[in-house]
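Geometric and topological summary
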Amino acid sequence: QVHLVESGGGLVQAGASLSLSCAASTRTFSNYVVGWFRQVPGNEREFVAAINWSGTNTYYADSVEGRFTISRDDARNAAYLQMDNLHAEDTATYYCAANDVRLWTPANKESYEYWGQGTQVTGSA
């Protein structure tokens, strides 16, 4: 069982930046693919960004491409989501997800076995 803990959420003004962290309990984190998803109450959980196990490939939703950056630090068993130029529409609970696989569909929630509890991001207009 792998535990994921997100941190770094908060309230920011439109145009500001925020960095989210995802800490994993496993020492073999380098074997895991990682994704970030977000959810607004009443809506489906939607894909934001993903990174493969080696960190060589990243994937983004069209709505965040060019503004958000996903990265990982396997020495720290952690992944990050740098969010720049935040919009009010980015307001959501952000979730970190991971799975110990080599091949996966980055934007598919079903591709991830482990999930964090989420961290709230609120962008004010």
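Remember, it's a predicted structure, so these values are computed and weren't measured experimentally.

Reading the values: rules and limits
- Residues numbered from 1 in each chain as written.
- Predicted model: local features only at pLDDT ≥ 70, side-chain atom pairs only at ≥ 80, totals over all residues.
- Heavy atoms only, no water.
- Disulfide = S-S within 2.5 Å.
- Helix = DSSP H or I, 4+ residues; strand = E, 2+ residues; numbered from the N terminus.
- Salt bridge = Lys/Arg side-chain N within 4 Å of Asp/Glu carboxyl O.
- Buried < 20%, exposed > 50% of the residue type's maximum accessible area, 1.4 Å probe, protein only.
- Phe/Tyr/Trp six-rings, centres within 6.5 Å; stacked < 30°, edge-to-face > 60°.
- Lys NZ or Arg CZ within 6 Å of the ring centre and 35° of its normal.
- Core = buried A, V, L, I, M, F, W, Y, C linked by side-chain atoms within 4.5 Å.
- Contact = heavy atoms within 4.5 Å.

1. Looking at the state of the cysteines
Enumeration according to the criterion identifies one disulfide in this entry. Covalently, cysteine 22 is tied to cysteine 96 through a disulfide, its sulfur atoms 2.0 Å apart. One quick way to see it: the torsion about the S-S bond of cysteine 22 and cysteine 96 is about -70°, and its sign makes the bridge left-handed. With cysteine 22 in strand E3 (residues 18–24) and cysteine 96 in strand E9 (residues 92–99), this residue pair connects regions lying 74 residues apart in the sequence.

2. Things to note about the pattern of salt bridges
Counted according to the given criterion, the structure contains five salt bridges. Residues arginine 67 and aspartate 90 are paired through a salt bridge, measuring 2.8 Å at the closest nitrogen-oxygen approach. Separated by 23 residues along the polypeptide, arginine 67 in the loop between strand E6 (58–60) and strand E7 (68–73) and aspartate 90 in the loop between strand E8 (78–83) and E9 bring together distant segments of the chain. With relative accessibility at 3%, the residue aspartate 90 sits in the buried group. Aspartate 74 is the partner of arginine 72 in a salt bridge, and the nearest nitrogen-oxygen pair spans 2.9 Å. What makes aspartate 74 partly exposed here is its relative accessible area of 27%. Taken together, the salt bridges that share partners define one network made up of Arg38, Glu46, Arg67 and Asp90.

3. Considerations on the packing of aromatic side chains
Under the criterion given, the structure shown has seven aromatic pairs. Ring centres 6.1 Å apart and planes at 70° place the aromatic pair tyrosine 112 and tryptophan 115 in the edge-to-face group. Through a chain of ring-to-ring contacts, the aromatic side chains of Phe37, Phe47, Tyr112 and Trp115 assemble into a single cluster. Stacked on the ring of tyrosine 95, the Lys or Arg arginine 45 has its end atom at 3.6 Å from the ring centre. It is arginine 45 that lies over the ring of tryptophan 115; its NZ or CZ is 5.0 Å from the centre.

4. Points about the nonpolar core
Membership of the largest hydrophobic core comes to 36 residues, with the highest contact counts inside it found for Leu4, Trp36, Val48, Phe68, Leu81, Met83 and Tyr94. Each residue touching leucine 4, except ones within four places of it in the same chain, is listed here: Cys22, Ala23, Ala24, Cys96, Ala97, Ala98, Tyr114, Trp115, Gly116 and Gln117.

5. Brief notes about unusual backbone geometry
Positive phi outside glycine occurs at asparagine 77, with the angle close to 55°. If you trace the backbone, asparagine 77 turns up in the loop between E7 and E8. For asparagine 77, a relative accessible area of 17% translates into the label buried. The phi dihedral of asparagine 85 is positive, around 50°, even though this residue is not glycine. Locating asparagine 85 in the fold gives a position in the loop between E8 and E9. Assessed through its relative accessible area of 38%, asparagine 85 is described here as partly exposed.

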